[in-house]
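Okay, here's what each chain looks like letter by letter:
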Amino acid sequence: MTSPVPETPTLDVAISDGVCLIAVDRPEVRNALSAQVLTDLTAVLDHVRDDDEVSVLVITGAGDKAFIAGADINQLQHYTPSTALESAMQRVFDAIENFPKPTIAAVNGFALGGGCELAMSCDIRIASERAKLGLPETNLGVLPGAGGTQRLARLVGTGRAIEMILTGRFIDAEEALRIGLVTSVVAPDALLDAARGTAATIAAKGPLAVRLAKLVVRAGMNADQGTGLVVERLAQAVLYGSEDKIEGTAAFLGKRTAEFQGQ
């Protein structure tokens, strides 16, 4: 048992059945990302990283109009070159991408700019049929600087990424699904249930296998295939010597539900 999740002014956080649901709660500004939101996200991530009661994170936005409609423009107008070099937003999204536990973005409306970049840093993106995604930073004379130029190209290909970034156009959920920007699309009133259902399915698997599978896929994306295959074999060697493997195979053969310990 760990201590309660710290209360933050911009996030609504709830933990249930192994799932930590984080909702950015600034509906009056379409859940725009401010410096305070980034600070609060960091605090929650740090807290749940070692919480054994949390297996999966789900990130969404409060209300039904926006996931996260980008950065807070009131703050953006005061940014300087040093702000970009400090890259606070990029560092937070890197932390989400490299988080040891699986992450799911439940995209319930506008996911623009930093909101789209946050969604792309998650492992899985489930979108409402009403979702709109895009990177419109060029309209403001800047570019997607929190990972957007890199993650979008890796997800949808270089040509599509350049077209989306240069035009700044929004795409709907169906197009996002077709090009691989999101992994599934559901009715708006089914979004959180779909995200929780996916999270529950993952949480029921061997936790050590889940962590290592995510790590191997992520590491392989930044290496040649031969190196990725070596990392895969090493991770499998760890799992073959784990208590989870013993329990998982015994449960399968005994036709019962496995009781994994993450060891």
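The rules behind these values
Residues numbered from 1 in each chain as written. Predicted model: local features only at pLDDT ≥ 70, side-chain atom pairs only at ≥ 80, totals over all residues. Heavy atoms only, no water. Core = buried A, V, L, I, M, F, W, Y, C linked by side-chain atoms within 4.5 Å. Buried < 20%, exposed > 50% of the residue type's maximum accessible area, 1.4 Å probe, protein only. Helix = DSSP H or I, 4+ residues; strand = E, 2+ residues; numbered from the N terminus. Salt bridge = Lys/Arg side-chain N within 4 Å of Asp/Glu carboxyl O. Axes fitted to C-alpha atoms, helices over the stretch in contact; angles between N-to-C directions. Parallel < 35°, antiparallel > 145°, perpendicular 65-115°, else oblique. Contact = heavy atoms within 4.5 Å. Nonpolar A, V, L, I, M, F, W, Y, C, P; charged D, E, K, R; others polar. Pairing = 2+ DSSP bridges. Phe/Tyr/Trp six-rings, centres within 6.5 Å; stacked < 30°, edge-to-face > 60°.

**Student:** With reference to specific residues and values, describe the nonpolar core.
**Tutor:** F67, F93, L118, L133, L152 and L181 are the most contacted members of the largest nonpolar core, which has 47 residues in total. Here this core gets six residues from one element, more than from any other, and that element is helix 1 (residues 35-49). Counting residues in each nonpolar core, the second largest holds 13 residues, with L21, I104, I126 and I202 among its members.

**Student:** Quick rundown of the pattern of salt bridges? Include the residues and the values.
**Tutor:** Side chains bearing opposite charge may pair, as long as their charged atoms lie close to each other. Enumeration over the complete set of coordinates arrives at 10 salt bridges. Here D46 ties to R49 by a salt bridge, and the two come within 3.0 Å at their closest N and O atoms. Residue D46 and its partner R49 are located together in helix 1, separated by three residues, close to a single helical turn. A residue is classified by how much of its surface remains accessible, and R49, at 25% relative accessible area, is partly exposed.

**Student:** Report on the packing of helix 10 (residues 207-221) against helix 11 (residues 225-240), specifying residues and quantitative values.
**Tutor:** With their axes 9 Å apart at the nearest point, helix 10 and helix 11 run at an angle of 170° to one another. One finds that helix 10 runs roughly antiparallel with respect to helix 11. Together, L208, A209, L212, V216 and G220 of helix 10 and G228, V231, E232, A235, V238 and L239 of helix 11 make up the contact between the two elements. Class assignment of the residues belonging to the contact of helix 10 with helix 11 gives a composition of eight nonpolar, two polar and one charged.

**Student:** Help me get a handle on the sheet that holds strand 1 (residues 11-16), residues and values and all.
**Tutor:** Either a parallel or an antiparallel arrangement is found when strands of a sheet pair, and the pairing is made through backbone hydrogen bonds. Read across the open sheet, the six strands follow the order 1-2-3-5-7-10; overall the sheet is mixed. In this open sheet, the two strands that pair with only one neighbour each are strand 1 and strand 10 (184-186). On average, adjacent strands in this sheet sit at an angle of 20° to one another, irrespective of strand direction. Pairing analysis gives three bridges linking strand 3 (residues 56-61) to strand 5 (residues 103-107), with the strands arranged parallel. Its bridge partner being in strand 5, V58 is matched across the sheet by I104.

**Student:** Quick one: what's the story with the packing of aromatic side chains, residue by residue and with numbers?
**Tutor:** In this description, an aromatic ring pair is defined by two values, namely the gap between the centres and the angle between the planes. The full count for this structure, using the stated rule, is one aromatic pair. Ring centres 6.4 Å apart and planes at 70° place the aromatic pair F110 and F170 in the edge-to-face group. Within this pair, whereas F110 is found in strand 6 (residues 110-112), its partner F170 is found in strand 9 (residues 170-172), the two being separated by 60 residues in sequence. We classify F110 as partly exposed; its relative accessible area is 23%. The class of F170 is partly exposed, set by a relative accessible area of 41%.

**Student:** Lay out the environment of V107 with the relevant residues and their values.
**Tutor:** On the secondary structure map, V107 appears in strand 5. Separated by 65 residues in the primary sequence, V107 and D172 have C-alpha atoms spaced 11 Å apart. Residues in contact with V107, not counting those within four places in the same chain, are F67, A119, I126, A127, S128, A131 and L191.

**Student:** Describe unusual backbone geometry, listing the residues and the values that go with them.
**Tutor:** The phi dihedral of N31 falls on the positive side, at around 60°, and the residue is not glycine. Of note, N31 is situated in the loop between strand 2 (19-24) and helix 1. Judged by relative accessible area, which is 0%, N31 ranks as buried. We note that K255 has phi near 55°; this positive angle belongs to a residue other than glycine. Among the structural elements, K255 can be located in the segment after helix 12 (243-253).

**Student:** Lay out the sheet that holds strand 8 (residues 132-134) in plain terms, naming residues and giving numbers.
**Tutor:** With mixed pairing, the four strands of this open sheet are ordered in space as 4-6-8-9. Unpaired on one side and paired on the other, strand 4 (66-69) and strand 9 mark the two borders of the sheet. Between one strand and the next, the sheet's axes are offset by a mean angle of 20°, whatever the strand orientation. With three bridges joining them, strand 4 and strand 6 adopt parallel strand pairing. Its bridge partner lying in strand 6, A66 is registered against F110.

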